[in-house]
Amino acid sequence: MLIDSHLHLDFDEFATDRDEVMARAAAAGVDAYVCIGIRVRDFGRVRAVAETYDNVWCTVGTLPHFADEEHDVTAAEIAAHTRHPKVIGIGEAGLDTFYGNASWDAQVAVFQAHIDAARETQLPLVIHSVRQDAAMIDMLRSGMSKGRFRFVVHAFSGGPELAKTALELGGYLGFGGLLTYPDNHAMREIAASAPADRLLLETDSPSLAPVPYQDERNEPAHIVRTAQLLAELRGVTADELARTTSDNFYRLFAKARL
């Protein structure tokens with residue numbers, strides 16, 4: 001059993017063939033999915049997909065790219081959506097000045113609201129962090145000093161210090177197609193050495209397709225490529241890795257068991 005812990009089934013890229021995409025994933029061994037929110041005030045999109053399929057959950061959050069649009073989102077507003085039975089996490093939210101162009105102040109404020117919501121609800125925070133390791137480390141440490149919260153750094157692309165800090169604070173690391181890119185040696189070293197009980201698999205579909213599909217739309221069936229490589233890096237069987245990452249998923253996203 002494989003679980004795609006981070007993808008975007010609500011995106012327009014899947015509008016015409018979502019059922020077929022999920023059928024291919026099921027045939028490849030994918031058992032469950034988390035449809036990740038990127039705008040709190042457009043939460044209805046991910047909620048609708050989660051309500052349509054028994055094995056799809058969702059999160060509520062604001063991607064840093066849209067922090068200017070939702071600069072005034074509050075922890076209370078985010079937390080209110082988590083009363084829905086299919087909402088099992090907060091996010092994705094975080095810091096990104098490489099792909100996103102939202103103002104820094106808005107990104108920090110919005111991310112802080114999501115940290116506060118994660119602490120209040122005790123649902124895990126799905127973190128988007130791109131090339132802002134130092135600032136992310138500061139916000140994680142500061143946030144944790146005010147009360148513990150659970151989190152995963154999705155599509156992990158940071159350096160050793162961010163990985164070390166995240167793990168020290170009890171966080172998880174999510175790995176997807178980026179791991180298969182041949183130049184990502186440092187990422188592979190982190191994935192190979194991280195504690196087994198802190199690893200999650202994901203695709204971030206329809207983005208970040210693994211080798212050899214980089215120029216194609218990503219889809220959840222491709223998670224097998226990442227799983228195979230991660231198993232090789234860690235010297236375990238694919239079945240063992242699937243069991244471990246699935247157990248990790250249900251430990252972190254405990255609401256999915258209810």
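This is a predicted model, so every value here is computed, not measured. (Residues numbered from 1 in each chain as written. Predicted model: local features only at pLDDT ≥ 70, side-chain atom pairs only at ≥ 80, totals over all residues. Heavy atoms only, no water.)

## Points about the overall build of the protein chain
For clarity, the cut-off: A run of H or I in DSSP becomes a helix once it reaches four residues, and a run of E becomes a strand once it reaches two; helices and strands are each numbered from the N terminus. Throughout, radius of gyration means the C-alpha value; the globule benchmark is 2.2 Å times the number of residues raised to the power 0.38. Using a 1.4 Å probe on the protein chains alone, a residue whose accessible area is under 20% of its type maximum counts as buried, one over 50% counts as exposed, and one in between counts as partly exposed. Contact definition: two residues touch when any of their heavy atoms are within 4.5 Å.
Along the protein chain, the regular secondary structure elements total nine helices and eight strands. Taking 2.2 N^0.38 as the reference for a compact globule, 258 residues should give roughly 18 Å; the C-alpha atoms of the protein chain span a radius of gyration of 17 Å, in line with that estimate. Projected onto the principal axes, the alpha-carbon positions of the protein chain cover approximately 45 × 40 × 35 Å. Counting every position in the protein chain, which comprises 258 residues, the buried fraction comes to 57%. When contacts within the protein chain are restricted to residue pairs at least 6 apart in sequence, those whose partners lie at least 24 apart make up 73%.

## Regarding the nonpolar core
Going by this rule: Each nonpolar core is a collection of buried residues, namely Ala, Val, Leu, Ile, Met, Phe, Trp, Tyr and Cys, held together in the definition by side-chain atoms within 4.5 Å.
If you look at the biggest cluster of nonpolar residues, it comprises 71 residues, and the most contacted ones within it are Leu9, Val56, Phe111, Leu125, Phe151, Leu173 and Phe175. Ranked by the residues each element gives to this core, the list is headed by helix α4 (residues 104-121), at seven residues. Apart from the residues lying within four places of it in its own chain, the contact partners of Leu125 are Ile90, Phe111, His114, Ile115, Ala118, Phe149, Arg150, Phe151 and Val152. Residues Ala32, Trp57, Val126 and Phe249 belong to the second largest nonpolar core, which totals 15 residues.

## Remarks on the packing of helix α7 (residues 185-193) against helix α8 (residues 223-234)
To be explicit about the condition: Lines fitted to C-alpha atoms define the axes here, with helix axes fitted over just the stretch in contact, and angles between the N-to-C directions of these axes take values from 0 to 180 degrees. With respect to orientation, any angle under 35 degrees is reported as roughly parallel, any angle over 145 as roughly antiparallel, any angle of 65 to 115 as roughly perpendicular, and every other angle as oblique. Residue polarity follows a fixed list, in which Ala, Val, Leu, Ile, Met, Phe, Trp, Tyr, Cys and Pro are nonpolar, Asp, Glu, Lys and Arg are charged, and the others, Gly among them, are polar.
In contact at an axis separation of 8 Å, α7 and α8 are set at 70 degrees when each is read in the N-to-C sense. Looking at the two axes, α7 sits roughly perpendicular to α8. Two secondary-structure elements touch here, α7 through Arg188, Ala191, Ala192 and Ser193 and α8 through Leu229, Leu230, Leu233 and Arg234. When grouped by side-chain class, the residues that make up the contact of α7 with α8 number five nonpolar, one polar and two charged.

## Let's talk about the packing of aromatic side chains
Any two aromatic rings considered together are summarised by their centre-to-centre distance and by the angle between their planes. Selection criterion: What counts as a ring pair is set by centres within 6.5 Å for rings of Phe, Tyr and Trp (its six-membered ring), and what kind of pair is set by the plane angle: stacked under 30 degrees, edge-to-face over 60, tilted for all other angles. Over a ring means this: the NZ of a Lys or the CZ of an Arg is within 6 Å of the ring centre and within 35 degrees of the ring normal.
Inspection of every chain in the model, using the stated rule, returns seven aromatic pairs. Centre to centre, the rings of Phe98 and Tyr99 are 4.7 Å apart; their planes meet at 80 degrees, and the pair counts as edge-to-face. Assessed through its relative accessible area of 43%, Phe98 is described here as partly exposed. Joined through ring pairs, the aromatic side chains of Trp57, Phe249, Tyr250 and Phe253 make up one cluster. We note Arg39 situated over the ring of Phe66; from NZ or CZ to the ring centre the distance is 3.7 Å. Looking at Arg131, its charged tip hangs above the ring of Phe98, at a distance of 3.8 Å from the centre.

Any functional reading would require information beyond the geometric quantities listed.
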